[in-house]
Amino acid sequence: MPKHYRPAGKKKEGNAAKYITRTKAVKYLQISLATFRKLCILKGVFPRDPKKKVEGNHKTYYHMKDIAFLFHDPLIAKFREIKVHRKKVKKAFAKKNKDLADRLLNRPPTYKLDRLILERYPTFVDALRDLDDCLTMVHLFAALPAVEGERVQVQRIHNCRRLSHEWQAYISRTHSLRKTFISVKGIYYQAEVQGQKITWLTPHALQQVLTDDVDFNVMLTFLEFYETLLGFINFKLYHSINVNYPPVLDPRLEALASELYALCRYMSSGRVPGNSEPAGLIEDREDENNKESSKADESELRLAQLQHQLPTNEPGTLMHLVQESTGVDAEDADAKECRSLFKNLKFYLSREVPRESLLFIIPAFGGTVSWEGEGAPFDETDEDITHQIVDRPTQSHVFLSREYVQPQWIFDCVNARIILPTEGYVVGRVPPPHLSPFVDNDAEGYVPEYAETIKRLQAAARSQVLPLPSIGDEDMENSLVEAIIDRSESNEVAEKKRKLEMLEKQYHDELKMECEGMTFSNRTVDNPPDVVDKNDSKSDDNHVEDSHKQAEKDAAGISKSLMSRRERGLLEAIEIHHERKREKVNLLKKRKKNADSSASAKGRR
């Protein structure tokens, strides 16, 4: 009898029992392939990649537990009911029974995804962590043209636009935006909500065309789930800041396509859940004063409430609680910096700039903004305007009391967290390179020239180049003494290192003499120690460097020979990655050098 013989009817084991192909799963659930795909998207079931593919490598596999999980879901019954309803409508039209068809169309079976949201995201933080794709998809459909007869319903597009504006209004109101970047694909944003970093992409405000190479049925299924998810998240976030949801907007502003500004006005009016009438406008200065005055009282009250909960036999617990209570203030320091970036600045947007993006960014960093058109809070002739955002070379009216800058200046100021000089962003001039805040220049090995300029401006803005004002005379003397001690210690270390290098050089010279068959007496006669040739010293230095490199190479070769095959492969992959990174950095430096040389040549002409 073979070793792996299994009698007929015996229960399967291993991968054959754990995984099932997609064709068998569809037959097992007794649904169509489109319904199976939609059910998997809504329930969050995805294909698996087993180590041993029993049915072959060309098939898609699912976990048997996931299929059993789908088998008992109530959505399958709803989908079957919808399928039956469509057949009834089709049959009524075929029999030319218009009344029955109208009654059936007016009462279609519906379903809700509220249960799936709680099922897939048990806590609110889990939902925030999975919000990146949701926001990108909602903002993408919000930018599509709302035209009847297209593959996307107009109601879905309006709903996506409403959800995206509600999310942006919350981010702008709570000053949670951290990074922005303009790319070819669109505009990237990164916000921090309840300690979670959320990054999403919004398309440019251009005319979108629906192509035929995109499966809109799959995308609309994702959108159906994401709309429900974002609605729940907006509801939770709005109630966390004591604002009613859904918001009731000003119909005049809504008719003028100024939904985001209407939402900001609604949130600033202070509508509390359970209260139908506005509580009045709340000034920001009063809020800041109240927060600063009650900050110490809140921390003391929290420590007093938690004092009786401390176990008596655990040392250091009070210190942990103190660190947690002060950690909230440390986290709010970043929000405070963002809140006051554009403080006391007044912006006016011309009609050619991206209005929605700037209306979202400028209030998120503490600025006041208006635009050219109806429904604007103030006109272009306002004398308090400090900056006007324009993107055309000539202006009909020029006010000497304000500065005219390009839209990139706003994005660069947000990423640098300082007010950058406006000379490089004047209208008609090519602006500086727009650097991505999502790239770590130190890790990449190449720091652009403008990034170094921004670092110097940041250091000057934060007074890092000046002595600290809190240091007194005694502290200054102590710091000078510590600096002198550190300097003497570093000199001693450098002297020891130099002596070791001299001894190593002498040892290599003696080995070289021994190989050549020379004696020490002949060496001293031919080359007296008092006479030192500069060329010989340079050659000796090069020889020392070569010996160091050879020693490092030998040590790396020995360690590599002791590795296993897998570790050696990983090391080679890492070395290839570093080599590609060096080549990329060298290419960037070469391009920078060529650009500088061409610019200097044009300047000479």
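Residues numbered from 1 in each chain as written. Predicted model: local features only at pLDDT ≥ 70, side-chain atom pairs only at ≥ 80, totals over all residues. Heavy atoms only, no water.

For the chain, an unreviewed UniProt entry supplies the name Pescadillo homolog and the organism Leersia perrieri. UniProt lists a comment for the chain under the heading Sequence similarities (unreviewed entry), and it reads "Belongs to the pescadillo family." (UniProt positions renumbered as here; feature names shortened; annotations may be inferred.)

Attention shifts here to the overall build of the chain. Broken down by element type, the chain carries 23 helices and nine strands. Here the chain holds 605 residues, and 30% of them are scored as buried. Summarising the internal contacts of the chain: among those between residues at least 6 apart in sequence, 60% fall at separations of at least 24. Surface summary for the chain: the accessible area is close to 40700 Å², and the carbon and sulfur share equals 53%. (Helix = DSSP H or I, 4+ residues; strand = E, 2+ residues; numbered from the N terminus. Buried < 20%, exposed > 50% of the residue type's maximum accessible area, 1.4 Å probe, protein only. Contact = heavy atoms within 4.5 Å. Areas by Shrake-Rupley, 256 points an atom, 1.4 Å probe, with all protein chains shown as cover.)

Let us now look at the packing of helix H10 (residues 154-174) against helix H16 (residues 355-364). What describes two packed helices is the angle between their axes and the distance between those same axes. Following both chains from N to C, one finds H10 and H16 inclined at 25°, their axes separated by 8 Å at the closest point. One finds that H10 runs roughly parallel with respect to H16. Packed against H10, whose contacting residues are Arg161, His165, Gln168, Ile171 and Ser172, the element H16 presents Glu356, Phe360, Pro363 and Ala364 at the interface. (Axes fitted to C-alpha atoms, helices over the stretch in contact; angles between N-to-C directions. Parallel < 35°, antiparallel > 145°, perpendicular 65-115°, else oblique.)

Going through the model one piece at a time under the given rule, you end up with 17 aromatic pairs. A ring pair is formed by tyrosine 189 and phenylalanine 360, whose centres lie 5.2 Å apart and whose planes are at 70°; its orientation type is edge-to-face. With tyrosine 189 in strand S4 (residues 187-193) and phenylalanine 360 in helix H16, this residue pair connects regions lying 171 residues apart in the sequence. The same class applies to tyrosine 189 and to phenylalanine 360, which are both buried. An aromatic cluster is defined as three or more aromatic residues linked by ring pairs; in this entry it consists of Tyr121, Phe222, Phe225 and Tyr226. Across from the ring centre of phenylalanine 378, 4.5 Å away, lies the NZ or CZ of lysine 346, which sits over that ring. Taking the ring centre of phenylalanine 399 as reference, the NZ or CZ of arginine 402 above it sits at 4.1 Å. (Phe/Tyr/Trp six-rings, centres within 6.5 Å; stacked < 30°, edge-to-face > 60°. Lys NZ or Arg CZ within 6 Å of the ring centre and 35° of its normal.)

This part takes up the nonpolar core. Within the largest apolar cluster, 94 residues are counted, with the highest numbers of intra-cluster contacts made by Phe36, Trp167 and Phe342. A per-element tally of this core places helix H11 (residues 216-240) first, with 10 residues. Sequence-distant contacts of phenylalanine 36, defined by excluding residues within four places in its chain, comprise Arg22, Ala25, Val26, Leu29, Ile31, Tyr62, Ile67 and Leu70. (Core = buried A, V, L, I, M, F, W, Y, C linked by side-chain atoms within 4.5 Å.)

Strands sit in the order S7-S6-S8-S9 across an open sheet of four strands; the sheet is parallel. Strands with a single pairing partner mark the edges of an open sheet, and in this sheet they are strand S7 (368-371) and strand S9 (403-405). Across this sheet, the average inter-strand angle for adjacent strands is 25°, counted without regard to direction. Inspection of the sheet shows strand S6 (residues 346-349) paired to S7 by four bridges, in the parallel sense. Looking at S7, one finds that leucine 349 is bridged to tryptophan 371. Relative to S7, H16 is tilted by about 165°, and along the sheet it contacts S6, S7 and strand S8 (387-389). (Pairing = 2+ DSSP bridges.)

Attention now moves to unusual backbone geometry. Cis geometry is adopted by the peptide bond preceding proline 246, which originates at tyrosine 245 and carries an omega value of 0°. Structurally, proline 246 can be placed in the loop between H11 and helix H12 (251-255). The phi torsion at histidine 175 lies on the positive side, around 55°, for a residue other than glycine. Take histidine 175: it is sitting in the loop between H10 and strand S3 (177-182).

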